[in-house]
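Architecture at a glance
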Amino acid sequence: MKNITLIARVLISALFLLSAVAKLYPTPLYGITKVFEEGQLIPMGFSSDFAPFLSRLIIGFEFFIAIAILQGHYIKKLIIPSTILLITVFSIDLSIDIFGGVDENCGCFGQLIPMTPIEAFIKNIFTILILMFIYRNVSDKKESSFLLLLNGYLIISVLMFSLLPIATNSNNRQVSSFSTYVDSEFDINNGQKILCFFDAGCEHCMDAAKSLTKLSSEISDFPKIHIIFSDLEEEKIVDFFKYAGAEYSYQVIPFYNEDDEVNSYLEILGYEYENPAIVYLNNGNQIRFYDGTGANEYKEEELRRLIE
């Protein structure tokens, strides 16, 4: 029984280590921001301001569990119960997605191992059962040190925030990664700006532009808008602005180029992102990046709250 329990603990350790690493794939900032925060935490109801802090704390906790489950300090009193609680919270959210018919990657293992909500829910049930088995067959050390555990988690959390700093709504002027590709007449690094990536014939893009026009009429000092159109259906730009209810600064670039230079719509926006893409910036600092029509789609009321 001791050997079986040890194998179960190693399995849980490997599972949480994989889960933490997977959320940082393919690059740490992309994985933690695009997949985990925007794909899982924000749809759960956490604000875009709080999600970056929570994401680092959760991933840090997963790294911590991968280590803590193999030792004996407070394993029954704290480690296993808190782990089951965390899994239960995410399982409740997964069950909501399941009943809602959501069939997209839930983000539990990032993009490294895409999982549907039902697959992730089943995985969580088995994980809880294994944790309950470990709970029944393991004992806390008689001389347990809570301070040792706390220091361990704090060290891991500090490393998470140090290695993955959070971009904040700073007054310090930064140079946005999009600066090179945006017309020089539109300075996206000075003040509040909204940069959009649209196709003129895309209905979702047209609706997003119309929503931005509505917000601009309702909010004083609304950020200036610049649109980067792909050359797909370029002839529809005039009708696009008629539908949007206003004309904005814009430029047109090729949708795709076969040369090695990064200068096409797909390369600048990023192959992993989808239309409509809306980037809200303040002094070059990226505050919010919406894209597609899934979990990270543009939300009018959320952008209103961010600007106001």
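Above this text you will find the structure in question.
Residues numbered from 1 in each chain as written. Predicted model: local features only at pLDDT ≥ 70, side-chain atom pairs only at ≥ 80, totals over all residues. Heavy atoms only, no water.

**Here's the deal with helix H1 (residues 2-22)**
Rules: Elements are defined by DSSP. Helices are runs of H or I of four residues or more, strands are runs of E of two residues or more, and each kind is numbered from the N terminus. A helix is expected to span 1.5 Å multiplied by its residue count minus one. Only protein chains enter the calculation, and the probe is 1.4 Å; a residue is then buried if its accessible area is under 20% of its type maximum, exposed if over 50%, and partly exposed in between. What makes two residues a contact is simply this: any of their non-hydrogen atoms within 4.5 Å.
Given a rise of 1.5 Å per residue, 21 residues ought to cover 30 Å, and the 30 Å separating the end C-alpha atoms of H1 matches this to within 8%. Those residues of H1 that sit buried are Thr-5, Ala-8, Arg-9, Ile-12, Ser-13, Phe-16, Ser-19, Ala-20 and Ala-22. For H1, the elements touching its buried residues are helix H3 (51-68), helix H4 (75-99) and helix H5 (117-136).

**Focus on the side chain of Arg-9**
Our working definition: The charge count includes Lys and Arg as positive and Asp and Glu as negative, but it does not include His or the ends of the chains. The term salt bridge refers to a side-chain nitrogen of Lys or Arg lying within 4 Å of a carboxyl oxygen of Asp or Glu. Polar contact criterion, stated in full: a pair of N or O atoms within 3.5 Å, where within protein one must be able to donate a hydrogen and the other to accept it, and residues adjacent in sequence count only if both atoms are side-chain atoms.
Following the sequence through the fold, Arg-9 ends up in helix H1. Among buried charged residues, Arg-9 stands out as having no salt bridge; its nearest opposite-charge side chain is Asp-140, 8.4 Å away. Looking at Arg-9, its side chain comes within polar contact range of the main-chain oxygen of Gln-71, at 2.7 Å. Residues within four places of Arg-9 in sequence aside, it is in contact with Ile-69, Leu-70, Gln-71, Gly-72, Ile-75, Ile-134 and Val-138.

**Remarks on the packing of aromatic side chains**
Operational definition: For Phe, Tyr and Trp, rings pair up if their centres lie within 6.5 Å, where Trp contributes its six-membered ring, and each pair is then called stacked (planes under 30 degrees apart), edge-to-face (over 60) or tilted (otherwise).
In total, this model carries 18 aromatic pairs according to the counting rule given. Centroid distance Phe-178 to Phe-197: 5.4 Å. Interplanar angle 55°. Geometry classified as tilted. Taken as a pair, Phe-178 in the loop between helix H6 (146-163) and strand E1 (192-198) and Phe-197 in strand E1 lie far apart in primary sequence, 19 residues in all. Here Phe-178 matches Phe-197 in class, with each residue buried. Ring centres 5.8 Å apart and planes at 85° place the aromatic pair Phe-240 and Phe-241 in the edge-to-face group.

**Quick word on the sheet that holds strand E3 (residues 249-253)**
Two modes of strand pairing occur in sheets, parallel and antiparallel, and in both the strands are linked by backbone hydrogen bonds. Definition in use: Being paired, for any two strands, means DSSP has found at least two bridges between them. Angles run from 0 to 180 degrees between N-to-C directions of axes, and those axes are lines fitted to C-alpha atoms, restricted for helices to the stretch in contact.
Ordered in space as E3-E2-E1-E4-E5, the five strands form an open sheet in which the pairing is mixed. The sheet is open, and its two edges are formed by E3 and strand E5 (285-290), each paired on a single side. Geometrically, the sheet is characterised by an average inter-axis angle of 20° between neighbouring strands, direction not taken into account. Examined bridge by bridge, strand E2 (residues 224-230) and E3 share five bridges and lie parallel to one another. Considered in E3, the bridge of His-226 is made with Ser-249. Along the sheet face, helix H8 (residues 237-244) touches E1, E2 and E3 and points at about 145° away from the line of E2.

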